[in-house]
Amino acid sequence: MSIMLKGKLGFHTLFTKLLSGFLAVILLLAAFNLVSFFYLKQQIHNEIVKYNELGMNHAARGYENQFRLTREMVLGLNQDPLWTTYVNQLRQVKDNQAYGYVNDVIKEMKRLYTNPFLGMDNLMIYFQKDAYVVEKDGTSGAKSMFGTYYSSPSYPLAFWDEQFTEAYAFHVFPAAEFSEKTLGSTRSKGMLLPVVIKMMPYKDMYLIAMLDTERLARDLQSAMNGDFYILDGAGHPLYAPASAADDASLPAFASLDDRHSFVQTGDFYYFYKKGPETGFTYVSKVPVQSISAQLLSLNLVLLSLLGIVGLLVVLTYVFSRRVHRPIRLMVDSLRKDEPEPAAGPVREIELISRRVQHMRSSHQRISHDLARKNSMLRHYAYSNRLKNIHMNLSELRELADASKPYVMIAYQILFKESHAHDHMEPGKGSYYLREYIDLVWQQVYPESVTIQTEPQQVLSIVFLPDESAETASRLHHLLDVFSADQDSYLVTMASSPVQPAGTPFTGTYAKVNGMLNQRRLLDQTQWIQQEDGGRGRETRCFKAQWEQEFHNRLLSGNEESMEEWILKSLGALAKRQSTALEYRQFAKDVADELDKLLRTLHLSAAYHAEAVPQLDQTRDFFSADQYEAWYRELLNPALQLIRRKTENHDPITSFVMTYIHDHLEEDINLDMMADKLNITSGYLSTYFKEKTGQNFSDYLNDLRIRTAKDLLQNLDLRIQDVAVRVGYMNVNSFIRMFKRHAGMTPGEFRKKYAS
């Protein structure tokens, strides 16, 4: 065939060159893939098995470390003498009347169950004598805790009582589903792994760590492909996936050879690892077909490759013929104007290349000329450079170079709604401001560029002849112009220092853009000239002590009390010279806390049916008065709903709150209030928390401390007198509780806030 083609078309024709080259490449690639397939097939199988072994080892180490850390961290609580003292008091809580130590114990345990690395859903202490449990939400009777809040058919109350007689210090029990059953509803707590830790020498109490199996699986089983199991030393499952809960086909791993890490039984690979500390066996069950399927895909690829090779041979011949025909026609037309090329590798290409070179030179000159005269392309190029967008056209890259020193200025425009009828829409207003800013800079530095990066944000890049050039006068001029129109709109300017030639635009743009976030909540034009650096303050303004006070005042349903809280909060933000962004963040925190509390009280649907303001309205606020009005519109409907709920529909909660308010100086406790209502203290505790979102003791202490703050304003009262009036017979207890809630002692509070 090659002899025929050579005789008919010539060896130096494009057709013969294309056909020969394509065939050589196809045959070479086919041979390479065949050799690679047979060589790598076994290697791939070994790598798949090795990957599963590594995943198994990683999961086993992770669970071993998890159980070890759980034991050590929980036992570490006993190293704190103060915590040990609190626990000893709570062992006989009724005899010692030591209910006040519950919060101290919970505070120490909080460091453990809030630690994301421990994976705890909850940490409990079960006291045998008074049959009650201390956990993260407070205290509950053992019957309520294990029958209502952490209920599971596998772990009834009788099981937990039996553990007092069992002789062990640390024991992991099989995972089970737990749920919370309250007032006719059931809420699943998920699959939890109970771990019991006993502290010497206590025999009448032990700690229960509820490990979240789903969280542990996400953290430790991410590299696993199959079902994962944990077996105890006797081979009984401690953890199994939900899809394999009834699977009884696992082999006896205790008898397997320690020198190997997997075994193939039937249709499955079993990868296993025995924990050196716990003695548990960790198993990953991977179907054989999942590994074989990956090798089968290689066989299919090989067959497909052979078919493609045959198809490519045919297509190569067809393609070469079709490519050669139009080129042949093109060459025949070019021969009329061009002389026959000298002998070369491909005669047609020699002829065409001369014509293409001429056309390319003409095209480059035209494109270069058009690009330099088009201002829209220039703005586009700078926008791409600022936002680090890759450009393929070299002409556009030339338009946006940083070969000179420059200053970058960002302008954020806020149009006032009160003057919207006197002016056009914000989009057109931003356009006219951009045109004016561009004119101001072009008069002094003609190479400067002003573009609109956002609907209400403009950016100027002022190119300077040298780094000593002056820009302050133009900036002051713009500041004066914007200030003259501040009744209609407000402009915040952020300017960078002079940037040396060659400095990338992206970093400078990010800095000036971040400087705009330093805008103060002021009704005036502002000019920010250097980065604040965050001023070392917390990003989240809604601190814990403000959050608690907000909850208490909201639950009271008193609009005057909430009005006082709003004014105090806004005053604190103004005192610390907060930015507009921090005001908005505080508003978001308030809205989030309000929504969370309303959901707890089952008032969310009724509240959202009201015409309440949205958070997006605060984007254009420029004064504290606007926020004050916004907070009233946000909170007043909620106060009315809460007041109606507590006064008209909840006589038990109303009686408790009224009695506490009227007898605050007396010794009030949960048992006494339950006796007055002729109900059990456990039921009252659960009912009160469900209706108000707070524990009884938290509500009582919050009301006492809030009342104490008001009494401390009276400088004629001694601190001892204030303590007695709010129900603390022991002044030291009062000082300790006040500092826990207010973050300072009563004396420090009086010195700071009393007039």
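Residues numbered from 1 in each chain as written. Predicted model: local features only at pLDDT ≥ 70, side-chain atom pairs only at ≥ 80, totals over all residues. Heavy atoms only, no water.

## Remarks on the pairing of strand 3 (residues 138–141)
Pairing of strand 2 (residues 132–135) with strand 3, which is carried by 4 bridges, proceeds in the antiparallel orientation. Directly across from V133, in strand 3, lies its bridge partner S140. The antiparallel hairpin formed by strand 2 and strand 3 contains 2 residues in its connecting segment. (Pairing = 2+ DSSP bridges. Helix = DSSP H or I, 4+ residues; strand = E, 2+ residues; numbered from the N terminus.)

## Quick notes on the sheet that holds strand 13 (residues 406–415)
Reading across from one edge, 14-15-13-16-17 is the order of the 5 strands in this open sheet, with mixed pairing throughout. The open sheet is flanked by strand 14 (449–454) and strand 17 (526–528), the only strands paired with a single partner. Shown here is a sheet whose adjacent strand axes are inclined to one another by a mean of 20°, direction ignored. Note: strand 16 (residues 489–495) against strand 17, 3 bridges, orientation parallel. Directly across from A494, in strand 17, lies its bridge partner I528. (Axes fitted to C-alpha atoms, helices over the stretch in contact; angles between N-to-C directions.)

## Some remarks on unusual backbone geometry
Residues M200 and P201 are joined by a peptide bond in cis, for which omega reads 5°. The topology assignment puts P201 in the loop between strand 6 (185–197) and strand 7 (205–212). With a phi close to 50°, A131 is a non-glycine residue in the positive phi region. With respect to the helices and strands, A131 occurs in the loop between strand 1 (120–127) and strand 2.

## A word on the side chain of T213
Positionally, T213 belongs in helix 8 (residues 213–220). Engagement of the side chain of T213 in a polar contact is seen with the backbone oxygen of M191, the distance being 2.6 Å. Other than its neighbours up to four places away in sequence, T213 contacts A175, M191, L192, L193 and Y239. (Polar contact = N/O pair within 3.5 Å; in protein donor to acceptor, adjacent residues only side chain to side chain. Contact = heavy atoms within 4.5 Å.)

## Considerations on the packing of aromatic side chains
Per the counting criterion, the structure on display carries 42 aromatic pairs. Considering the side-chain rings of F228 and Y239, the 6.4 Å spacing of their centres and the 50° angle between planes classify their relative orientation as tilted. Remark: Y239 occurs in strand 9 (residues 237–239) and F228 occurs in strand 8 (residues 227–231); sequence separation between them is 11 residues. Exposure remark for Y239: the relative accessible area of 12% places this residue in the buried category. An aromatic cluster of at least three residues, connected via ring pairs, comprises Y126, F146, Y150, Y155, F159, W160, F164, Y168, F173, F178 and Y206. The ring of F622 has K416 lying over it, and the distance from NZ or CZ to the ring centre is 4.7 Å. (Phe/Tyr/Trp six-rings, centres within 6.5 Å; stacked < 30°, edge-to-face > 60°. Buried < 20%, exposed > 50% of the residue type's maximum accessible area, 1.4 Å probe, protein only. Lys NZ or Arg CZ within 6 Å of the ring centre and 35° of its normal.)

## Here's the deal with the pairing of strand 16
With 7 of 7 residues buried, strand 16 lies mostly within the body of the structure. Because side chains alternate across strand 16, one face comprises the buried residues Y489, V491, M493 and S495, and the other comprises L490, T492 and A494, equally buried. Note that strand 13 and strand 16 share 7 bridges and pair antiparallel. Considered in strand 16, the bridge of L414 is made with L490.

## Observations regarding the sheet that holds strand 12 (residues 281–287)
What the 5 strands build is an open sheet, ordered 9-8-12-11-10; its pairing is antiparallel. Two strands bound the open sheet, and with one partner strand each, they are strand 9 and strand 10 (262–265). On average, each strand axis in the sheet is inclined to that of its neighbour by 30°, with strand direction left out of account. Direction of pairing for strand 11 (residues 268–274) relative to strand 12: antiparallel, over a ladder of 7 bridges.

## Things to note about the pattern of salt bridges
Opposite charge on two side chains permits them to pair, given that their charged atoms come into close proximity. Counting across every chain of the model gives 20 salt bridges. Residues K416 and D523 are paired through a salt bridge, measuring 2.5 Å at the closest nitrogen-oxygen approach. Of the two residues, K416 sits in the loop between strand 13 and helix 13 (426–444) while D523 sits in the loop between helix 15 (505–515) and strand 17, which places them 107 residues apart along the sequence. In this structure D523 comes out as partly exposed when scored by relative accessible area, which is 39%. Salt bridges here are not isolated pairs; linked through shared partners, they connect R68, R71, E72 and E277. (Salt bridge = Lys/Arg side-chain N within 4 Å of Asp/Glu carboxyl O.)

## So, helix 5 (residues 102–113)
Taking 1.5 Å per residue as the helical rise, helix 5 with its 12 residues ought to reach 16 Å, and the 16 Å between its terminal C-alpha atoms agrees with that figure. Of the residues making up helix 5, those classed as buried are V102, D104, V105, I106, M109, L112 and Y113. (Expected span 1.5 Å × (residues − 1).)

## Some words on the confidence of the model for the protein chain
Here the protein chain shows a mean pLDDT of 80. Residues at 70 or above account for 78%. Ranking the elements of the protein chain by mean pLDDT puts helix 1 (residues 2–9) last, at 44, and strand 4 (residues 170–172) first, at 93. (pLDDT = per-residue confidence, 0-100.)

## With respect to the environment of V309
Note on placement: V309 falls in helix 9 (residues 288–334). Residue contacts for V309: discarding those within four places in its chain leaves I26 and A30.

## What about the packing of helix 21 (residues 651–662) against helix 23 (residues 681–692)?
In contact at an axis separation of 10 Å, helix 21 and helix 23 are set at 95° when each is read in the N-to-C sense. In terms of their interaxial angle, helix 21 and helix 23 are classed as roughly perpendicular. Taken together, the residues of helix 23 that come into contact with helix 21 (itself represented by I652, T653, V656 and M657) are L684, Y687, F688, K691 and T692. Class assignment for the residues of the contact of helix 21 with helix 23 results in 6 nonpolar, 2 polar and 1 charged. (Parallel < 35°, antiparallel > 145°, perpendicular 65-115°, else oblique. Nonpolar A, V, L, I, M, F, W, Y, C, P; charged D, E, K, R; others polar.)

## Some words on the side chain of R519
Mapping R519 onto the fold places it in the loop between helix 15 and strand 17. We note that R519 is buried and unpaired, the nearest opposite charge coming from D620 at a distance of 6.8 Å. Excluding its chain neighbours within four sequence positions, the residues that come into contact with R519 are Q412, L414, T492, Q526, I528, T579, A580, R619 and F621. (Lys, Arg positive; Asp, Glu negative; His and termini not counted.)

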